[in-house]
Amino acid sequence: MDLRVDAGEFLAVLGPSGCGKSTLLRMIAGLDRPNSGRIVMAPAGDPFQTAFVFQDAHLLPWRNVLDNAALPLELMGVSKEERHIRARAALDQVDLQDAIDKVPAQLSGGMRMRVSLARALVTEPRLLLLDEPFAALDEITRFHLDVQLRELWQRGAMTVVFVTHSVSEAAFLANRAVVMDRGGGAIKLDRTLALPAERSNELRGDPRLGQEMKLLLEAIE
Amino acid sequence: MKKTLLPPLIPFVVLTLAVEFSVREGFVRPYLLPAPSAVFRAVIEDRAELAQALLATSSATLAGFAMSALTGITVAVLLSSSRAIERAFYPYAVFFQTVPLIAIAPLLVIWFGYGLQTVIASAFVASVFPVIANTLTGILSTDPALRDLFKLYGATPLVTLFKLRLPAALPQVFTGLRVSAGLAVIGAIVGEFIGGGGLGSVVDIARTQQRIDKVFAAVLLASMLGLTMFGLINWVSHMTLRRWHASEQTE
């Protein structure tokens, strides 16, 4: 398998269950090591330029929203004052500025996921890895977060790699989509999506989106 | 508070009245089961002796329990530090638990002599294992995704322990402490049977004097000590976890 991701891309990774999509993402993050082959980051260096968003929010339940979002900075040794400023800015980006004093138990599933996103954004990562982040949410919430994520990507200079089960989500969000084969050893389809840069919910009924979804689905099956 | 106090109070009142009635009517011999009023009288008449005994047992229980909490959590942290250490030493923690306390109590007397030290040691031995087992389970079942997150941002094992694994284990730690508190009371009483002092001695002596009402009075106080410990830990647990843990959410 050979995959090159350029800076600033929004890449969706699709494939049947168990093909290794999540493993691929974990290897890019450095959480797992490949048995053979290698992963090269250019430019190499600062590992904290990578952020990871899990399938569920995975917040620290005993901390409020602000301190959850500030956690990566805290672990990196940033001073309390500075990390709170930066966490507030990250929470602003996901419209959670009014919830900073709440604890996760007081939040809805969608809000928790947005805290999780803010926690990933707080280090201003150059590479954002998402592992089926909205899969556990209801569809309305997911649509809303899809739009928000796309806006975040357009605002910053991030590269996004987004693993998903959902063909519609992949087509809606990404600029480029790859489909892995069942064994995970090869890429069956690598396609730059022919869709406008501006993505809003109006696009969801667009026949061009339907066309892209059809192509991706065919490749998976 | 009223709602949690009232339901268990009703069976207590009914049962007490039933026993009182049975003894007065001669269904049960008073040397087998004293009338609740007789137990109450024993509490009043021997209040000075019982209060002193209760104080002695309470201090030994608290000391043994505190040792269990500290040692138990420390041991669990050490056991969790590596799989190899856990495999090597955890069986001994289990073994420690299965040794019958009453069988080693005489040993404790040999080591620590008659008196408070033996009683504390007995309370400790009886109550340390649940703290170890529950804390260890809590630490080891920390959310793997959060462990990954800490790893991603370069957290050292010590930082991960204090900022993630120990706080995440708190609900289980409290579960262990709750069990341990009751066992500490039992351990202290057993220790007092052999090492002397406290409510354990009161029970032992009253038994030989055929003062079954006094035995019951002492047992009642011992139970109340256990209940108080349990309630205290529940309260601390509630205050600590109420903001975040599902088992403590009232709404």
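Structural data are supplied above this passage.
No experiment lies behind these values; they were computed from the predicted model shown.

What counts and what doesn't
Residues numbered from 1 in each chain as written. Chains lettered and ligands numbered in written order. Predicted model: local features only at pLDDT ≥ 70, side-chain atom pairs only at ≥ 80, totals over all residues. Helix = DSSP H or I, 4+ residues; strand = E, 2+ residues; numbered from the N terminus. Rg over C-alpha atoms; globule rule 2.2 N^0.38 Å. Buried ≥ 20, exposed ≤ 12 C-beta atoms within 10 Å, placed from the backbone. Contact = placed C-beta atoms within 7 Å. Pairing = 2+ DSSP bridges. Axes fitted to C-alpha atoms, helices over the stretch in contact; angles between N-to-C directions. Parallel < 35°, antiparallel > 145°, perpendicular 65-115°, else oblique. Left-handed = near helix turned anticlockwise from the far one by under 90°. Nonpolar A, V, L, I, M, F, W, Y, C, P; charged D, E, K, R; others polar.

**Let's talk about the overall build of chain A**
Link 1 in the chain: Across its full length, chain A holds eight helices and six strands.
Link 2 in the chain: Listing the helices and strands of chain A from first to last along the sequence gives β-α-β-α-α-α-α-β-α-β-α-β-β-α.
Link 3 in the chain: For chain A, the C-alpha radius of gyration of 17 Å lies close to 17 Å, the compact-globule estimate for 221 residues.
Link 4 in the chain: Once the C-alpha set of chain A is aligned to its principal axes, its extents read approximately 50 × 40 × 30 Å.
Link 5 in the chain: For chain A, the residues scored as buried account for 38% of the 221 residues in total.

**Describing the overall build of chain B**
Link 1 in the chain: Broken down by element type, chain B carries 10 helices and zero strands.
Link 2 in the chain: Ordered by position from N to C terminus, the α and β elements of chain B give α-α-α-α-α-α-α-α-α-α.
Link 3 in the chain: With the principal axes as the frame, chain B shows a C-alpha extent of 75 × 50 × 30 Å.
Link 4 in the chain: In chain B, which comprises 251 residues, the proportion classed as buried is 36%.
Link 5 in the chain: Considering only residue pairs separated by 6 or more positions, chain B has 76% of its internal contacts joining residues 24 or more positions apart.

**Some words on unusual backbone geometry**
Residues and elements named next belong to chain A.
Link 1 in the chain: Even without glycine at this site, His-58 takes up a positive phi of about 50°.
Link 2 in the chain: Positionally, His-58 belongs in the loop between β2 (50-53) and α2 (65-69).
Link 3 in the chain: Residue His-58 is classed as buried on the basis of its C-beta count, with 22 C-beta atoms lying within 10 Å.
Link 4 in the chain: Here the phi dihedral of Glu-132 falls at roughly 45°; this positive angle occurs in a residue that is not glycine.
Link 5 in the chain: Position of Glu-132 relative to the elements: it lies in the loop between β3 (127-131) and α6 (139-155).

**Thoughts on the pairing of strand β6 (residues 187-192) of chain A**
Residue and element names in this part refer to chain A.
Link 1 in the chain: Of the pairings in the sheet, the one linking strand β5 (residues 176-180) to β6 comprises five bridges and is antiparallel in character. Considered in β6, the bridge of Ala-177 is made with Arg-191.
Link 2 in the chain: The hairpin turn running from β5 into β6, its antiparallel successor, is six residues long, and Gly-184 in that turn takes a positive phi close to 80°.

**With respect to the environment of Val-19 of chain B**
Link 1 in the chain: As for its position among the elements, Val-19 of chain B is in helix α1 (residues 2-24).
Link 2 in the chain: Taking the number of C-beta atoms within 10 Å as the measure of exposure, Val-19 of chain B has 18 and is therefore partly exposed.

**Re the packing of helix α8 (residues 157-195) of chain B against helix α9 (residues 198-208) of chain B**
All names here are of chain B.
Link 1 in the chain: At a minimum axis separation of 7 Å, α8 and α9 run at an interaxial angle of 55°. Here α8 is positioned oblique relative to α9, judged by the angle of their axes. The two elements α8 and α9 meet at a crossing, and its hand is right-handed. Note on element contacts: α9 touches α8 through Gly-198, Leu-199, Gly-200, Ser-201 and Asp-204, opposite Ala-188, Ile-189, Gly-191, Glu-192 and Phe-193.

**Quick look at the packing of α8 of chain B against helix α10 (residues 212-241) of chain B**
Residue and element names in this part refer to chain B.
Link 1 in the chain: The geometry of α8 relative to α10 is characterised by a closest axis approach of 9 Å and an angle of 165° between their N-to-C directions. In terms of orientation, α8 lies roughly antiparallel with respect to α10. Handedness of the α8/α10 crossing: right-handed. Residues Leu-170, Pro-171, Phe-174, Leu-177, Arg-178, Ala-181, Gly-182, Val-185 and Ile-189 of α8 form the contact with α10, whose participating residues are Ala-222, Leu-225, Gly-226, Met-229, Phe-230, Ile-233, Asn-234, Ser-237, Thr-240 and Leu-241.
Link 2 in the chain: For the contact of α8 with α10, the class distribution of residues is 13 nonpolar, five polar and one charged.

**Thoughts on the sheet that holds β6 of chain A**
Residue and element names in this part refer to chain A.
Link 1 in the chain: Taken in spatial order, the six strands of this open sheet run β2-β3-β4-β1-β5-β6, and their pairing is mixed. Edge strands, defined here as strands with exactly one partner in the open sheet, are β2 and β6. The sheet shows a mean angle of 15° between the axes of neighbouring strands, direction not considered.
Link 2 in the chain: Relative to strand β4 (residues 159-163), strand β1 (residues 10-14) is paired through four bridges, and the arrangement is parallel. Residue Leu-11 lies in a different strand from β4, and its bridge partner there is Val-161.
Link 3 in the chain: Helix-sheet contacts for helix α5 (residues 109-121) involve β2 and β3, and the interaxial angle to β2 is about 170°.
Link 4 in the chain: Packed on one face of the sheet, helix α8 (residues 207-220) meets β1, β5 and β6 and runs near 20° to β5.

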